[in-house]
Amino acid sequence: MDGIRKRLEHDLRLAVARLRQSAGAKALEELLGPTGEHWSYADEVDEIQANERREIGFATRELLVDRVNRLAAALERLNEGQYGTCVECGEEIAPARLRVLPEVETCVRCQDRLERMGRQLQPVEADAGDDE
Ligand SMILES: [Zn+2]
């Protein structure tokens, strides 16, 4: 699990760095909040100036914010020993999936279901579910 933590922290740093480059510190504060816990990462990224100076559009920025939040959440779950468990159904998430997308918090099935629900913008509750 140690490799996962490094990977998550690395990805988080990169995402924050990109955000900072594209948005500037001011905007970053608006996006992540003035006391956001992600800020500890922002301090470390100055030297990652990278070759990524291309302009980043607003949509991409939102995706980055999303990614930062998800990576941070994943680290949190790692700390709590919940990492790798689907937050929807409680099943284990396939290791192969985690390797590709270390920040995911749902298994493929739940992800699929959630995305479909999101696309259709239906009221969430009425899922003819067989809850335990
Ligand atoms: Zn699931």
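Above this text is the structure in question.
A. Representation of the overall build of the protein chain within the structure. From N to C terminus, the protein chain includes five helices and zero strands. Starting at the N terminus and ending at the C terminus, the protein chain contains elements arranged as α-α-α-α-α. Counting every atom, the protein chain has about 9000 Å² of accessible surface; 48% of that belongs to carbon and sulfur.

B. Fine view of the coordination of the zinc ion. The zinc ion binds to the protein through Cys86 (SG), Cys89 (SG), Cys107 (SG) and Cys110 (SG); the donor distances cover 2.3 Å. Bound by four donor atoms, the zinc ion shows angles of 105 to 117° at the metal and therefore tetrahedral coordination geometry. If you list the donors of the zinc ion from N- to C-terminus, the spacing comes out as C-x2-C-x17-C-x2-C. In terms of burial, cysteine 107 and cysteine 110 fall into one category: buried.

C. Structural detail: the nonpolar core. Residues Leu8, Leu12, Val68 and Tyr83 are the most contacted members of the largest nonpolar core, which totals 21 residues. Only α1 (2-32) and α3 (58-79) provide two or more residues apiece to this core. The leading source of residues in this core is α3, at eight residues.

D. View of the layout of surface pockets. Taken as a whole, the second largest pocket encloses approximately 170 Å³ of empty space. Lining of the second largest pocket is provided by Arg70, Glu103, Val104, Glu105, Thr106, Gln111, Leu114 and Glu115. The leading source of residues in the lining of the second largest pocket is helix α5 (residues 108-120), at three residues. Looking at the lining of the second largest pocket residue by residue, the class counts come to two nonpolar, two polar and four charged.

E. Layout of the environment of leucine 114. Here leucine 114 is to be found in helix α5. Judged by its relative accessible area of 30%, leucine 114 falls in the partly exposed class. For the pair leucine 114 and glutamate 88, spaced 26 residues apart in sequence, the C-alpha separation works out to 9.5 Å. For leucine 114, the residues in contact, after removing those within four places along its chain, are Glu88 and Thr106.

F. Region of interest: the pattern of salt bridges. Summed over all chains, the structure comprises seven salt bridges. Here arginine 7 and aspartate 11 are joined by a salt bridge, their closest N and O atoms 3.5 Å apart. Pair noted here: arginine 7 and aspartate 11 are both in helix α1, with a separation of four residues, about one helical turn. Taking the relative accessible area as the measure of exposure, aspartate 11 reaches 10% and is therefore buried. The closest approach of N and O atoms between arginine 67 and aspartate 11, which form a salt bridge, is 3.2 Å. Linking arginine 67 in helix α3 with aspartate 11 in helix α1, this pair joins segments that are 56 residues apart in sequence. A cluster of three or more residues bridged by salt bridges with shared partners is formed by Arg7, Asp11, Arg67 and Glu103.

Conventions we followed
Residues numbered from 1 in each chain as written. Predicted model: local features only at pLDDT ≥ 70, side-chain atom pairs only at ≥ 80, totals over all residues. Heavy atoms only, no water. Helix = DSSP H or I, 4+ residues; strand = E, 2+ residues; numbered from the N terminus. Areas by Shrake-Rupley, 256 points an atom, 1.4 Å probe, with all protein chains shown as cover. Donors = N, O, S within 2.8 Å, 3.2 Å for Na, K, Ca; no water. Tetrahedral: all angles 85-135°; square planar, octahedral: opposite > 155°, others 65-115°. Buried < 20%, exposed > 50% of the residue type's maximum accessible area, 1.4 Å probe, protein only. Core = buried A, V, L, I, M, F, W, Y, C linked by side-chain atoms within 4.5 Å. 1 Å grid on protein atoms, 1.4 Å probe; cavity = no way out; pocket = protein on both sides within 12 Å on 5 of 7 lines; lining within 4 Å. Points joined across faces, edges and corners; volume = space filled by probe spheres on them. Nonpolar A, V, L, I, M, F, W, Y, C, P; charged D, E, K, R; others polar. Contact = heavy atoms within 4.5 Å. Salt bridge = Lys/Arg side-chain N within 4 Å of Asp/Glu carboxyl O.

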